[in-house]
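# Structural description and commentary
If you want the building blocks of each chain, they are given just below.
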Amino acid sequence: MKVSLNWLKNYVEIPLTPDEVSALLTSLGLEVEGMEKTESIPGGLEGLVVSLVADCQKHPNADKLSLTKVDVGTGELLSVVCGAPNVAKGQKVIVATVGTTLYPIEGEPFVIKKSKIRGEDSEGMICAEDEIGIGHSHAGIMVLPADTMVGLPAREYFRLETDYVYEIGLTPNRSDATNHLGVARDVAAALRINYGHSGELRLPDVSTFKVDNRDLALEVTVENTEACPRYCGVSLKGVTIKESPDWLKQRLQAVGVRPINNIVDATNFVLHELGQPLHAFDLDEIKGRKVFVKTLPEGSKFQSLDGVERALSAEDLMICDGNSNGMCIGGVFGGISSGVKDGTANIFLESAHFHPRWIRRSSMRHNLRTDAAKVFEKGSDPNISLYALQRAVLLIKELAGGEIASDIVDIYPKPIEPAKVELSYAHINKLIGIQIPPEKVKNILDALDMAIASEADGRLTVTVPTNKADVTREADVIEEILRVYGFDNVPEPGIINMAMVTSVQPDPSQVRNTIADLLVANGFHEMMAMSLSEARIYKQIVGGTPEEALVFINNTSNVHLNIMRPTMVVSGLEAVVHNQNRQQLNLKLFEFGKTYRHKEGAIEETAHLSMLLAGQRWHESWLNKDKALVNFYHLKAFVKLVLNKMGVTQYQETPIKDDIFSYGVRYHRGEQVLVELGQVSAKVAKKMDVRGQVCFADLRWDNLLRSLAKNRVSYQEVSRFPSMRRDLALVVENSVRFSDIAAIAAKAGKKWLKDTNLFDVYVNEAQLGAGKKSYAVSFVFEDPEKTLQDKEVDQVVEQMIGAFETQLSAHIRR
């Protein structure tokens, strides 16, 4: 939210510098995220001064140029070459001195430099209005009144306004600070309590409001008083639609609102001034001179102000005419036919209070995040609607003329009364942490317009204004007191109490950081995806998750994200698409995250580590000409790297092929799954708009941590004795995996076998036979206590060969 300092000063005198105001706002809970100095004219007319043309002669070397001497108020005459036809001796003009940057109406800014023009020195520039950005005329230089003081800065002559605009990170609980008057109330309270200021607040005067006639009276009916507890409106006739004056445009532009015309700008001004959204209807477009506040049947069509035809929900509150045609989505967005146009002469001005829940749902449903909707969502003040309407009407009459042509309609069947909250001085001091004198507490409450309804036995009953929709409990009122008292005025305690805590071993955070460091060192990037996803994806694209297992949520902010993710793969593939669309094709990604499923009447939350590879295995390099794409085995190597780092080396391996993987493998210990990895099926990848091949691994982090807790670190001395290697070429069925060979070798090799490695795979039906392949496997033997003899190793190898032939029907190629 943007707040203009000059605008604030309309309501309260602020004897502070802009930086001090920034600090004050932050201390009041209105955190300033940025501060910008703004000028109504770019550059602020810096370097431009009122000057006297002391002499003017024809340029000796150019017919259309004049050679002038100008007095800029420094006591020294400057030579300036001027091309304007109307320059003359004795004129008061605006001169841009050397070094000044000019910001013309058209074209780029430029700097005035000392130069020679046709052989004559020029030490500045006599300016036309379009050259300094204050008008569009270029007929000649600006000539000022003869009594204008020489040397007066141009910014002072034109009374240029300098403003400071604060970007405030407004929290959802500050419904009272959605507008300049609300912020001014806080500032006035803080100035009164902490700076000895009077804290007087200047409110816009509406005492001159008077009905001129009743020529355009309308009948208003509110059918849904839950969604619209209060509705006010009035008619005006004979208004003139035109451009707003500069002061109004400057106020709106300062807070990021684009000026449109005097009527719309007046309603936007009141919105940002008082926090009351208003809407102006073209009265002549209201059929039957009747207004109905109601809902329309599901699927009803409505063309909004942006030209989009929208299908309405039966829960969208609509402002309708006498024929039940929707003119506006109440509190959200206007319609294209009923809005104010250039030819509008009569208007009906609406000022209403809508229920936050109704507005938020409609706003999110139609993706219309308007300023009005944001105010209503936080909770507008129901008791300011009438005052805001009168303020807007008087402003419109000032800007557009016209007459008030009806009595005010004010439908308020159940007035919303200020909340009453009971609190105690003891609890105030306990929560804040210091003793605040009761008299000061009362002064703060008075400064915040919180009247004390009663007081007895150290307890207060406070009346909370209706503009503070979220102040409903004792703790809320104490927070209001602390904001104004000042967080910085609460001293730090002299004693800090600490408690000794123990953590589980191994520390999950430390293990996570270790594995993250390992993956980053191997070229991976950590990603963070949302835990929210779309049910549509799991129903139509990625199978394997029954609908009853999905955890649905009521997400009013983004209705399409309606479930908690049941798997990690979808968010991973979405990250791949996001990167590919930004020309990042070679990807190594990992994510620590959680999944959610319904299981046995409860919601199961499971921790995971996911890993993804896509694109080429190696980045392009003159050293490496290999352009091979990543595949299942590359990912498998990284997965084993992680498992080995965690000391998880003993597990079973089972092939998998399901709705996600075209092929893959599962590492598990009985029923306990440790890892599932594989190549994502081309069908799933295509439906997710992924280009190329993607490999994905899902490591069940909770199970791995449990396995890690059982591991014990052991030390083993590096062997002083040499190792021996034997290689075997085994012809086996295609169904035989290397892990089968390694398992048999480990049993037969006993304590001497230190390493088993697959270094070649050969397939040739003509030589090996159909359905056969040849594995070239190396075996490394070592005894930590002695040097092994060839006879001993050969004996173990023969036992291994026998086991391969018996259990795998292998044939040894010799």
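Note that this is a predicted model, so its numbers are computed, not measured. (Residues numbered from 1 in each chain as written. Predicted model: local features only at pLDDT ≥ 70, side-chain atom pairs only at ≥ 80, totals over all residues. Heavy atoms only, no water.)

## Details of the overall build of the protein chain
For clarity, the threshold we go by: In DSSP terms, a helix is any run of H or I states spanning at least four residues, a strand is any run of E spanning at least two, and both are numbered starting from the N terminus. Note on method: radius of gyration uses C-alpha positions; expected globular size equals 2.2 Å times residues raised to 0.38. Every residue pair with non-hydrogen atoms within 4.5 Å of one another is taken to be in contact. In this description, accessible areas are obtained by the Shrake-Rupley approach with a 1.4 Å probe, and a residue is regarded as covered only by the protein chains that are shown.
For the protein chain, the helix and strand inventory stands at 21 helices and 41 strands. For 814 residues, the compact-globule estimate of 2.2 N^0.38 gives 28 Å, and the C-alpha radius of gyration of the protein chain, at 39 Å, exceeds that figure by more than 25%. Projecting the C-alpha coordinates of the protein chain onto the three principal axes gives extents of approximately 120 × 85 × 65 Å. Sequence separation of at least 24 residues holds for 70% of the intrachain contacts in the protein chain that already meet a minimum separation of 6. Accessible surface for the protein chain amounts to roughly 41100 Å². Of this, 49% is attributable to carbon and sulfur atoms.

## Considering the pairing of strand S38 (residues 724–733)
Which entries qualify depends on this criterion: One requirement defines pairing of two strands: DSSP has to find at least two bridges between them.
Two elements, S38 and strand S40 (residues 772–781), share 10 bridges in a ladder whose sense is antiparallel. In the strand pairing of S40, Val-732 is matched with Lys-773. Of the strand pairs in this sheet, S38 and strand S41 (residues 811–813) are connected by 3 bridges, and their pairing is antiparallel. By the bridge assignment, Ala-729 is partnered in S41 with Arg-813.

## Section: empty space enclosed by the protein
Test applied: Every definition here rests on a 1 Å grid over the protein atoms only: cavities are sets of points where a 1.4 Å probe fits but cannot get out, pockets are open sets enclosed by protein on both sides within 12 Å along at least five of seven lines, and lining residues have some atom within 4 Å of a point. Grid points are joined across faces, edges and corners, and a volume is the space filled by probe spheres set on the points. Gly is placed with the polar residues, together with every amino acid not listed as nonpolar (Ala, Val, Leu, Ile, Met, Phe, Trp, Tyr, Cys and Pro) or charged (Asp, Glu, Lys and Arg).
Here the structure, examined in full by the defined rule, presents 1 cavity of 30 Å³ or more. By volume, the largest cavity is sized at about 40 Å³. Along its surface, the largest cavity is lined by Pro-42, Gly-43, Leu-45, Glu-46, Leu-48, Thr-100, Thr-101, Leu-102, Tyr-103 and Ile-132. Of the residues contributing to the lining of the largest cavity, the split by class is 6 nonpolar, 3 polar and 1 charged.

## A word on the packing of helix H13 (residues 508–521) against helix H16 (residues 632–645)
When two helices pack together, their arrangement is given by the angle between the helix axes and by the axis-to-axis distance. The test is simple: What counts as an axis is a line fitted to C-alpha atoms, over the stretch in contact for a helix, and the angles between N-to-C directions run from 0 to 180 degrees. Here a crossing is called left-handed whenever its near helix is offset anticlockwise from the far helix by less than a right angle, and right-handed whenever the offset is clockwise.
Their axes nearest at 11 Å, the elements H13 and H16 cross at an angle of 145°. As for the relative orientation of H13 and H16, their crossing is right-handed in sense. Residues Thr-514, Ile-515, Leu-518 and Leu-519 of H13 form the contact with H16, whose participating residues are Leu-641, Val-642 and Lys-645. For the contact of H13 with H16, a count of residues per class yields 5 nonpolar, 1 polar and 1 charged.

## Side note on the nonpolar core
The following threshold applies: We call a set of buried Ala, Val, Leu, Ile, Met, Phe, Trp, Tyr and Cys residues a nonpolar core when their side-chain atoms join them within 4.5 Å. Think of it in three bands: residues with accessible area under 20% of the maximum for their type are buried, residues over 50% are exposed, and the middle band is partly exposed, with areas taken using a 1.4 Å probe on protein chains only.
Counting 82 residues, the largest nonpolar core has Leu-25, Ile-263, Leu-349, Ile-396, Val-477 and Ile-481 as its most contacted members. In contact with Ile-481, other than residues within four places in its own chain, are Leu-423, Ile-428, Ile-432, Val-441, Ile-444 and Leu-445. One finds Ala-227, Phe-292, Trp-358 and Ile-359 within the second-largest nonpolar core, a separate group that totals 35 residues.

## Some remarks on the pairing of strand S16 (residues 290–295)
In terms of strand pairing, strand S13 (residues 219–222) meets S16 through 4 bridges, oriented parallel. The residue of S16 that forms the bridge with Val-222 is Val-293. Pairing of S16 with strand S19 (residues 317–320) involves 4 bridges; the strand directions are antiparallel. When the bridges of S19 are listed, Thr-295 appears paired with Leu-317.

## Structural notes on the layout of surface pockets
Here the largest pocket defines a volume of roughly 1500 Å³. Along the walls of the largest pocket sit 35 residues, with Lys-640, Glu-653, Phe-738, Ser-739 and Ala-742 positioned nearest its centre. Among the elements that line the lining of the largest pocket, the one with the most residues is strand S39 (residues 753–762), at 7 residues. Along the lines of polarity and charge, the residues of the lining of the largest pocket split into 17 nonpolar, 9 polar and 9 charged. The space that makes up the second largest pocket amounts to roughly 800 Å³. Lining of the second largest pocket is provided by 31 residues; of these, Val-264, Asn-268, His-279, Leu-305 and Phe-333 occupy positions nearest its centre. The biggest single contributor to the lining of the second largest pocket is helix H6 (residues 262–274), with 4 residues.

## Focus on the sheet that holds strand S27 (residues 459–464)
In space, the 3 strands of this open sheet follow the order S25-S27-S26, with antiparallel pairing throughout. Two strands close off the open sheet at either side, each with one partner strand: strand S25 (419–424) and strand S26 (451–456). When the angles between neighbouring strand axes are averaged without regard to direction, this sheet yields 20°. The pairing of S26 with S27 spans 5 bridges and is classified as antiparallel. Bridge pairing in S27 places Ser-454 opposite Thr-461. The strands touched by helix H10 (residues 425–432) within the sheet are S25, S26 and S27, with S25 carrying the most contacts at an inclination of about 75°.

## Brief notes about the pattern of salt bridges
The cut-off we apply is this: The term salt bridge refers to a side-chain nitrogen of Lys or Arg lying within 4 Å of a carboxyl oxygen of Asp or Glu.
Summed over all chains, the structure comprises 47 salt bridges. One salt bridge in this structure joins Asp-212 and Lys-397, with 3.1 Å as the shortest N-O distance. Here Lys-397 lies in helix H9 (residues 385–400) and Asp-212 lies in the loop between helix H4 (180–194) and S13, a separation of 185 residues in the sequence. Residue Asp-212 is classed as partly exposed on the basis of its relative accessible area, which comes to 38%. A salt bridge links Arg-737 to Asp-740, with the nearest nitrogen and oxygen atoms 3.4 Å apart. One connected set of salt bridges, linked through shared partners, spans Arg-174, Asp-176, Asp-186, Lys-468, Glu-480 and Arg-483.

## Considerations on the sheet that holds S38
Judged by pairing direction, the sheet is antiparallel, and its 4 strands sit side by side in the order S39-S40-S38-S41 without closing on themselves. Across the chains shown, the open sheet's two edge strands, defined by having one partner strand only, are S39 and S41. The mean angle between the axes of side-by-side strands here comes to 35°, regardless of whether they run parallel or antiparallel. Looking at chain direction, S39 and S40 are connected through 8 bridges and run antiparallel. Looking at the pairing, Leu-753 lines up with Phe-781 of S40.

## Focus: the side chain of Ser-51
How we decide: Throughout this description, a polar contact denotes any pair of N or O atoms lying within 3.5 Å of each other; where both atoms belong to protein, one of them has to be capable of donating a hydrogen while the other can accept it, and for residues adjacent in sequence the pair is counted only when both atoms sit in side chains.
Relative to the helices and strands, Ser-51 is located in strand S3 (residues 48–58). A polar contact is formed between the side chain of Ser-51 and the backbone oxygen of Val-49, at a distance of 3.4 Å. Filtering out sequence-adjacent residues up to four positions away, Ser-51 remains in contact with Asp-71, Val-72, Gln-91, Lys-92, Val-93, Val-95 and Val-150.

## Examining the side chain of Glu-350
Defined as follows: In this count, Lys and Arg are taken as positive residues and Asp and Glu as negative ones, while His and the chain termini are left out.
With respect to the helices and strands, Glu-350 occurs in strand S22 (residues 346–353). One buried charged residue, Glu-350, remains without a salt bridge, the closest side chain of opposite sign being Arg-230 at 13 Å. At 2.8 Å, the side chain of Glu-350 and the side chain of Tyr-231 are in polar contact. If we ignore the near neighbours within four places in the chain, the residues touching Glu-350 are Tyr-231, Cys-232, Gly-233, Pro-277, Leu-278, His-279, Phe-281 and Ile-319.

## Quick notes on unusual backbone geometry
Excluding glycine, residues mostly have negative phi values, and the peptide bonds linking residues are mostly trans. You will see that Leu-45, though not glycine, has its phi angle at about 60°, which is positive. Secondary-structure assignment places Leu-45 in the loop between strand S2 (32–39) and S3. The phi torsion at Asp-449 lies on the positive side, around 60°, for a residue other than glycine. Tracing the sequence through the fold places Asp-449 in the loop between helix H11 (438–447) and S26. On the basis of relative accessibility, which here comes to 47%, the residue Asp-449 falls in the partly exposed class.

## Considerations on the packing of helix H5 (residues 246–254) against H6
Defined as follows: Each angle is binned into one of four classes, with values under 35 degrees roughly parallel, values over 145 roughly antiparallel, values of 65 to 115 roughly perpendicular, and all other values oblique.
At their nearest, the axes of H5 and H6 sit 10 Å apart, and the two run at 50° to each other. Considered as vectors, H5 and H6 are oriented oblique to each other. Between H5 and H6 the crossing geometry is left-handed. The segment H5 lies against H6, with Trp-247, Leu-248, Arg-251 and Leu-252 engaging Asp-265, Ala-266, Asn-268 and Phe-269. Its residues placed into classes, the contact of H5 with H6 shows 5 nonpolar, 1 polar and 2 charged.

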